[in-house]
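These are the residues of each chain, in order.
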Amino acid sequence: MAAAKERKRRSVWWAVHAWAGLKLSLFMTFILATGTLAVFSAELDWLVTPSMRVMPQEGPKASWGTLAASAREAVPGGRLAQIYAPPHPGFTAEAWLDTGTARPTRVHLDPYTGRVTGVVGWYNIQRFLRETHRHLMLPVKLGVPIVCTLAFLLLASLVSGIVTYKKWWRGFFKRPRGGDGRRLSGDLHRLAGLWSLWFVALIAVTGVWYMVESLGGDAPDHPKAPALSITAVQPVGPALDALIETGLRAYPGLDIREIRYPTAKGGRGLVLMGQADAWLVRDRSNAVWLNPDDGAVLLVSRGEELTAHQRISEMADPLHFGTLGGFATKIVWFLAGILLTGLSVTGVMIYSLRLRAAAASGTESSNGWVRAWRGMGWWAYPALGLIILSLALAPGAMLA
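Being a predicted model, the structure only gives us computed values, none of them experimental.

Parameters and conventions
Residues numbered from 1 in each chain as written. Predicted model: local features only at pLDDT ≥ 70, side-chain atom pairs only at ≥ 80, totals over all residues. Heavy atoms only, no water. Phe/Tyr/Trp six-rings, centres within 6.5 Å; stacked < 30°, edge-to-face > 60°. Buried < 20%, exposed > 50% of the residue type's maximum accessible area, 1.4 Å probe, protein only. Lys NZ or Arg CZ within 6 Å of the ring centre and 35° of its normal. Helix = DSSP H or I, 4+ residues; strand = E, 2+ residues; numbered from the N terminus. Pairing = 2+ DSSP bridges. Axes fitted to C-alpha atoms, helices over the stretch in contact; angles between N-to-C directions. Contact = heavy atoms within 4.5 Å. Salt bridge = Lys/Arg side-chain N within 4 Å of Asp/Glu carboxyl O.

Novice: Provide a residue-level description of the packing of aromatic side chains, including the pertinent values.
Specialist: With the rule as written, the count across this model stands at 13 aromatic pairs. On the basis of an interplanar angle of 80° and a centroid distance of 5.9 Å, the ring pair of Trp168 and Trp169 is categorised as edge-to-face. What makes Trp168 partly exposed here is its relative accessible area of 24%. The exposed category is assigned to Trp169, whose relative accessible area is 53%. Ring pairing ties together the aromatic residues Trp168, Trp169, Phe172, Phe173 and Trp195, which thus form one cluster. The side chain of Arg53 reaches across the aromatic face of Trp46, ending 5.7 Å from its centre. Over the aromatic face of Tyr251 sits the side chain of Arg302, whose NZ or CZ is 4.5 Å from the ring centroid.

Written out as C-alpha cells, the structure reads:
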C-alpha cells in the first residue's frame, strides 16, 4: 500500500517535471541561451570592435579629467552623460555623450593615454543580448513579466526533479550508461541537473525577484542629493580631477568605476560611483554627489547603509549574471548556463525518445522533431511567436 502511494506520488511529480520542461521548452531554451551569452556580452563586443581593445600596460593611467576632455573633443556639440572605467585589462574606457538623438554616442578611450580609439553608435551585442534576454525587445513593463514567468517553471522543474530522482545525492559521480539514446540522454540529463542544482535555484530565485520588481515590489530609491538648478557646467580636465579629489576625501577608499554628469535639464549633481566596503552591490550603491559649479559635496551614500530590501535588490544582478567575482565567476556562470540550456534541450530529447516505441508501432511520427513539437502542444505556438517577434523587433531597436 505504502509502495503504491509512493509510486503514485512520484508519477505525479514526474508529470509536473515533464510538463514544466516540455511545454515551454522552446521559449526556455531561447531565454537560457541568450542569458548565457549575455554573461560574456562585453567580451563579445570586445572581439568584434577593434576600438575597444588596448594593450595592457604597467604604470599610471590617464586621469578621469583627461578621459572626459578627450571624449568631449571627439563629439563636437555632444554633452557628456557617463564615463565608465575599463571592465577588464585590455579593455578601453568608455564615455557616453548625448547628441540630441534618441540614443547616446559611445566614445572608446585608451585608459593609459586618454587617446580616443573610436567613436561608435549605441547599439552593440551587449544591448541586443540584454534587451532580448530581459524583455524580448518588448516594452519593459510587458516583456519582463513574460520572461520572468520562466523562473516559476525552473522552480517547478527543480523541486519535481529532486523528488522523482530517488536518492539523488548519490548521482553526482554516477557514470552515464551507454546503450540506446534514451538511456544515455536520460543519464546525461540527470547528471547535468545535479551539478547545476545550485545554479537553477539561483537563476530561479533571482528571476522571481525580477518579477516582484516589475510588479511594483522594487526597493525604495537610494538616497539622492537635492535637485540643482539647471547648469551648463561640464567639468573636464583638471576641473573634473579636482572634483574627484574632493569626492575621495569625502569617501576614502571608493574605487570609482563610473561618473555621471547632470543632464541638460538639470539634475542632482555630478555623481562618482564605484565599489568600496559593501559586498555584492552594484556601483550605484557607493556614491558621492558633488555640485559641479562650486565643488561642494552634496551627499555620500554607502552600500553598507542600505536597508535589507535595497540590499536584496542590489544583489540580484551580480548573482544573476555572475559579475560578483570578476572574470573568474563569469566563466563559472557561463559554463553553468551552458549546462542549464543543455538540460532544456535534453529534456525534449528524452520525451521524444520515450515515444519512439509508439512511432515504431505506427501510432506516432517517426521524426523526433515532429514528436517533440506535438508534445509541446499549443504552447509551442506562442513560444515560437515570442521568439520571432523579439528577433523581428531587433532591427528597429538598432535604428532607433
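The structure having been displayed, the exposition proceeds.
Novice: So, the environment of Tyr381: which residues are in play, and what are the values?
Specialist: Position of Tyr381 among the secondary structure elements: in helix α14 (residues 380-399). Accessibility expressed as a relative area gives 53% for Tyr381, which makes it exposed. With 357 residues separating them along the chain, Tyr381 and Leu24 place their C-alpha atoms 9.7 Å apart.

Novice: Tell me about the sheet that holds strand β8 (residues 297-301), residues and numbers included.
Specialist: Pairing within the open sheet is antiparallel, and its 8 strands lie in the order β4-β3-β2-β1-β5-β6-β7-β8. Each edge of the open sheet carries a strand with a single partner, namely β4 (116-120) and β8. The average angle at which neighbouring strand axes cross in this sheet is 20°, direction not considered. Pairing of strand β1 (residues 79-84) with strand β5 (residues 255-260) involves 3 bridges; the strand directions are antiparallel. Looking across to β5, one finds that Ile83 is bridged to Ile259. The sheet strands contacting helix α4 (residues 64-74) are β1, β2 (93-98), β3 (105-109), β4 and β5, and the helix crosses β1 at an angle near 135°.

Novice: Can you lay out the pattern of salt bridges for me, pointing to particular residues and giving the numbers?
Specialist: On inspection of all chains with the given rule, the structure shows 7 salt bridges. In this structure, Lys330 engages Glu43 in a salt bridge whose closest nitrogen and oxygen atoms are separated by 2.8 Å. Linking Lys330 in helix α11 (residues 327-354) with Glu43 in helix α3 (residues 41-48), this pair joins segments that are 287 residues apart in sequence. Two residues, Glu258 and Arg260, come together in a salt bridge whose shortest N-O distance is 2.5 Å. According to the relative accessible area criterion, Glu258 is buried, its value standing at 6%. Overlapping salt bridges, with partners in common, bring together Arg282, Arg284, Glu314 and Asp317 in one network.

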